[in-house]
Amino acid sequence: MVAPVVVVAASSARMLAESARRAGMRPVALDLFGDLDTRRAAHWLCVGSQDGLGFDAQRMQAMLGRLAGRSDVLGWVAGGGFEDCAELMQTCAQALPLIGNDLDTLAAMKQPGRFFPMLDGYGIRYPQTQLTPPSSPSGWLSKSVGGTGGGHVRRVGRASPHQRNAALRVPKTPAPVAHYYQRESSGAPMSALFLADGTDVLLIAFNRLLVGPVGRRPFVFQGAVGPVSLSDEAGAAARHAVDQIARHAGLVGLNSMDFLLDGEAVSVLEINPRPSATMDLHDDRFAGGLLKAHIEA
């Protein structure tokens, strides 16, 4: 029996390709770099733009369109890098089935005007958040909607005198925004990696995220350590948040939740509704690897 082909696409698709290879699949990797490890694990196709910093939409669509004509291709899995590429993902999902959360679910998790009011409904703690720049910038962070890797997170500079605070709870259906603002909060940056099938949730592990400055960017993701243990109280709070969010949103496949851990307090930052970098720490714990588990879920 010929092994199925799965397409894995991300800024760097190496870990997805290696996990697919462990599962006995034939991965086709679409990414920006094509490093040696990726090329060893998969048939690599470059979908990078000329500057090498993003996806070439036309190339990406053409590649997936050609692969869609093959009967042995299961579909494609999106990794990191697509968070601010909603139109590209929609077009690509029309060409070849997207294995993972649908586009509306992705938007619900990434638009702060939808995500944080949902947390309010379940009594889930998160840093003070608003959609407009604060009138007094001290102690506030600016975050890009669809940003990834932490490089987009900056401390707020001067605010215009006419700008005023606008709490997230005011508009019921706020328009999408490009940036949002959060109070800088204490605590260790953590993540919870989990599988979901729209109803049930399996927590795989808690991980400590390594975050630090790179040039003028103070909060860049630099790796992760895991699994790590949480106290009973903190673990219960994190599990409660994962369970409620996953079931409310109908999350499927491999996802992760980033949060701050301050003593026993858990404060949710965001959901990554896709396979995240921390899957690399735990891929060998599952028979066939976590990409296989993602597809099955």
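Look up a bit, the structure's there.
This is a predicted model, so every value here is computed, not measured.

Student: How should the sheet that holds strand β3 (residues 43-46) be read in this particular structure?
Tutor: Backbone-to-backbone hydrogen bonds join strands into a sheet, with any given pair of strands oriented parallel or antiparallel. Ordered by their spatial adjacency, 4 strands build an open sheet running β3-β2-β1-β4, and the pairing between neighbours is parallel. A single partner strand is all that each edge strand has here, and the edge strands are β3 and β4 (73-78). Averaged over neighbouring strand pairs, the angle between their axes works out to 20 degrees when direction is ignored. By the bridge criterion, 4 bridges tie strand β2 (residues 26-31) to β3 in an arrangement that is parallel. Residue Asp31 lies in a different strand from β3, and its bridge partner there is Cys46. Against the sheet, helix α1 (residues 14-22) touches β1 (5-9) and β2, its axis set at about 175 degrees to β2.

Student: Sorry, what's going on with the packing of helix α5 (residues 103-110) against helix α6 (residues 112-121) here?
Tutor: Two quantities define a packed helix pair, namely the angle between the helix axes and the distance between the axes. Between α5 and α6, the least distance of the axes is 5 Å, while the angle of their chain directions is 75 degrees. The orientation of α5 with respect to α6, classified from their angle, is roughly perpendicular. Facing Asp104, Ala107, Ala108, Met109 and Lys110 of α5, the residues of α6 in contact are Pro112, Arg114, Phe115 and Met118. Residues belonging to the contact of α5 with α6 are distributed by class as follows: 6 nonpolar, no polar and 3 charged.

Student: Could you clarify how one ought to interpret unusual backbone geometry in this entry?
Tutor: The bulk of non-glycine residues show a negative phi, and the bulk of peptide bonds are trans. In this structure, Pro227 follows Gly226 across a cis peptide bond, with omega equal to 5 degrees. Structurally, the position occupied by Pro227 is in strand β11 (residues 217-228).

Calculation notes
- Residues numbered from 1 in each chain as written.
- Predicted model: local features only at pLDDT ≥ 70, side-chain atom pairs only at ≥ 80, totals over all residues.
- Heavy atoms only, no water.
- Pairing = 2+ DSSP bridges.
- Helix = DSSP H or I, 4+ residues; strand = E, 2+ residues; numbered from the N terminus.
- Axes fitted to C-alpha atoms, helices over the stretch in contact; angles between N-to-C directions.
- Contact = heavy atoms within 4.5 Å.
- Parallel < 35°, antiparallel > 145°, perpendicular 65-115°, else oblique.
- Nonpolar A, V, L, I, M, F, W, Y, C, P; charged D, E, K, R; others polar.

By themselves, these are just geometric observations and shouldn't be taken as functional.
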